[in-house]
Amino acid sequence: LVAMAYEWSVFLEPATFALLATALGAIMYAPYRAKLFDADMKAAAQREGTSSKGDHQHNSEANHVSKVMAISMPVVGSIVLILLFYFLSKIFVIIIIFICLVSLASLNVTWYPLSEYIVNRAFASHARIRDWSIKVPRVDLVLSVPFFLTMIIALGQMAAWLFTGHWIPTNMIAVSIAITGMMFTRIGSMKIAFILLWLFFIYDVFWVFLSHFIFGTSVMLSVAGPVSQLSLPLVIAYPRIFAKYSYSLLGLGDIVLPGLFISYLYRLKSSTAIQLSRAGLSYYAIALIGYVTGFVVTIAMLVVIQSGQPALLYLVPGIFIPVTIVAWRRYRTVTSTTSYHSYLYHFLSLP
């Protein structure tokens, strides 16, 4: 959900550009970080033997979204949204504990490369300290100097969020959660991407525009207000300059869900069914441009309609339709066929 004051001046607001830059930065960094993480895990598995390598492959496969998961995720999201709508004040402590655990894990993932770089530079001539590590038995955890430095940074950020509620540590934690979610949740096929994105498209439209017919008010808008006021790291929020005491908001779902599809395109290999043209833009670049276009259209519709908008209403078509059209044109060039049914079969069957 994107929420702002509904004036054309929002296009001049630094907060608007900050939202877009933050979303794009997280979406572009996540697949790159995931690629490095996979390489590190593969190298570690090779050092430890074939058994660990098999475990790594199993864990990697377990992270892929299945068809059942893609269908159930909007259902689970709806249940959580209803619980927040009715019981937010009563389950607030449980929510805080859960967010703290997720935040700690996410911050460790995102800050570890920097901690490792600092330790390597600081102890370049002290290999004993730099390379010290202990593997915890029966737990996939290695204690090291970078690990403890990362924990200090993560706990400091969490303390800043819990005791101040300031938007800077809140946003940093929210971005870490988004990046970690996109790193470890993988879309394995175009069919799964189609199901997941368009079901959440329907989900967003229903809970913003249609839920008031059942619940008497828009459930999504009703939940978004308290979440932002409580400074929970479930949205990215930037203070507006031209409107005092007002924030520009973007929900994590509007970053993570399109980001999962864009990350999939980042990993997608060329094939005879949907070939990457060297002469043109990659599907990854096309989807990024589509995300920017969808974001701009969302802001424009906020001004026109004068009401909160479900960002996925514009982001999902913005990233999926251009990729589909370009793929169709390239497919016709590669196969010399005009059969859309044949193209659709190949498109949705992409690994």
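Note that this is a predicted model, so its numbers are computed, not measured.

As for the packing of helix α7 (residues 167–184) against helix α11 (residues 253–267)
Next up, step 1: At their nearest, the axes of α7 and α11 sit 9 Å apart, and the two run at 35 degrees to each other. Note that α7 runs across α11; the crossing there is right-handed. Listed contacts from α11 to A178, G181 and M182 of α7 are I255, V256, G259, L260 and S263.
Next up, step 2: Residue composition of the contact of α7 with α11, by class: five nonpolar, three polar and no charged.

Looking at the pattern of salt bridges
Next up, step 1: In total, this model carries three salt bridges according to the counting rule given.
Next up, step 2: Across the pair R240 and E13 runs a salt bridge, and its minimum N-O distance is 3.4 Å. Of this pair, R240 sits in the loop between β6 (235–239) and β7 (247–251) while E13 is found in the loop between β1 (2–3) and α1 (14–48), placing the two residues 227 residues apart along the sequence. Neither residue differs from the other here; R240 and E13 are each classed as buried.
Next up, step 3: With a shortest N-O distance of 3.2 Å, D131 and R130 are connected by a salt bridge.

Looking at the side chain of T110
Next up, step 1: Looking at the element boundaries, T110 is found in helix α4 (residues 92–122).
Next up, step 2: From its side chain, T110 meets the backbone oxygen of L107 in a polar contact 3.3 Å long.
Next up, step 3: Within the structure, T110 has its side chain in polar contact with the side chain of S176 (distance 3.1 Å).
Next up, step 4: Excluding residues within four positions of it along the chain, T110 makes contact with Y29, S176, I179 and T180.

Observations regarding the packing of helix α3 (residues 67–87) against helix α10 (residues 219–229)
Next up, step 1: For the pair α3 and α10, the least separation of the axes is 9 Å and the interaxial angle reads 60 degrees. Here the hand of the crossing between α3 and α10 comes out left-handed. Contacts between α3 and α10 pair L81, L84 and F85 from the former with V219, M220, S222 and V223 from the latter.
Next up, step 2: Broken down by class, the residue content of the contact of α3 with α10 amounts to six nonpolar, one polar and no charged.

Comments concerning the environment of L83
Next up, step 1: Counting through the fold element by element, L83 comes out in helix α3.
Next up, step 2: Taking the C-alpha atoms as reference points, L83 and V223, 140 residues apart in sequence, are found 9.9 Å from one another.
Next up, step 3: Aside from chain neighbours lying at most four places away, what touches L83 is L88 and I91.

Notes on the packing of aromatic side chains
Next up, step 1: Following the criterion strictly, the structure yields 17 aromatic pairs and no others.
Next up, step 2: An angle of 85 degrees between the planes, with centres 5.1 Å apart, marks the rings of F37 and F184 as edge-to-face. Linking F37 in helix α1 with F184 in helix α7, this pair joins segments that are 147 residues apart in sequence.
Next up, step 3: Classification of F37 by relative accessible area gives partly exposed; the value is 24%.
Next up, step 4: Classification of F184 by relative accessible area gives partly exposed; the value is 25%.
Next up, step 5: Plain terms: the ring middles of W132 and F148 are 6.4 Å apart, the flat faces sit at 25 degrees to each other, and that makes the pair stacked. With W132 in the loop between α5 (127–130) and β3 (133–136) and F148 in helix α6 (residues 145–164), the pair connects residues that are 16 residues apart, well separated along the chain.
Next up, step 6: In this structure W132 comes out as partly exposed when scored by relative accessible area, which is 36%.

Calculation criteria
Residues numbered from 1 in each chain as written. Predicted model: local features only at pLDDT ≥ 70, side-chain atom pairs only at ≥ 80, totals over all residues. Heavy atoms only, no water. Axes fitted to C-alpha atoms, helices over the stretch in contact; angles between N-to-C directions. Helix = DSSP H or I, 4+ residues; strand = E, 2+ residues; numbered from the N terminus. Left-handed = near helix turned anticlockwise from the far one by under 90°. Contact = heavy atoms within 4.5 Å. Nonpolar A, V, L, I, M, F, W, Y, C, P; charged D, E, K, R; others polar. Salt bridge = Lys/Arg side-chain N within 4 Å of Asp/Glu carboxyl O. Buried < 20%, exposed > 50% of the residue type's maximum accessible area, 1.4 Å probe, protein only. Polar contact = N/O pair within 3.5 Å; in protein donor to acceptor, adjacent residues only side chain to side chain. Phe/Tyr/Trp six-rings, centres within 6.5 Å; stacked < 30°, edge-to-face > 60°.

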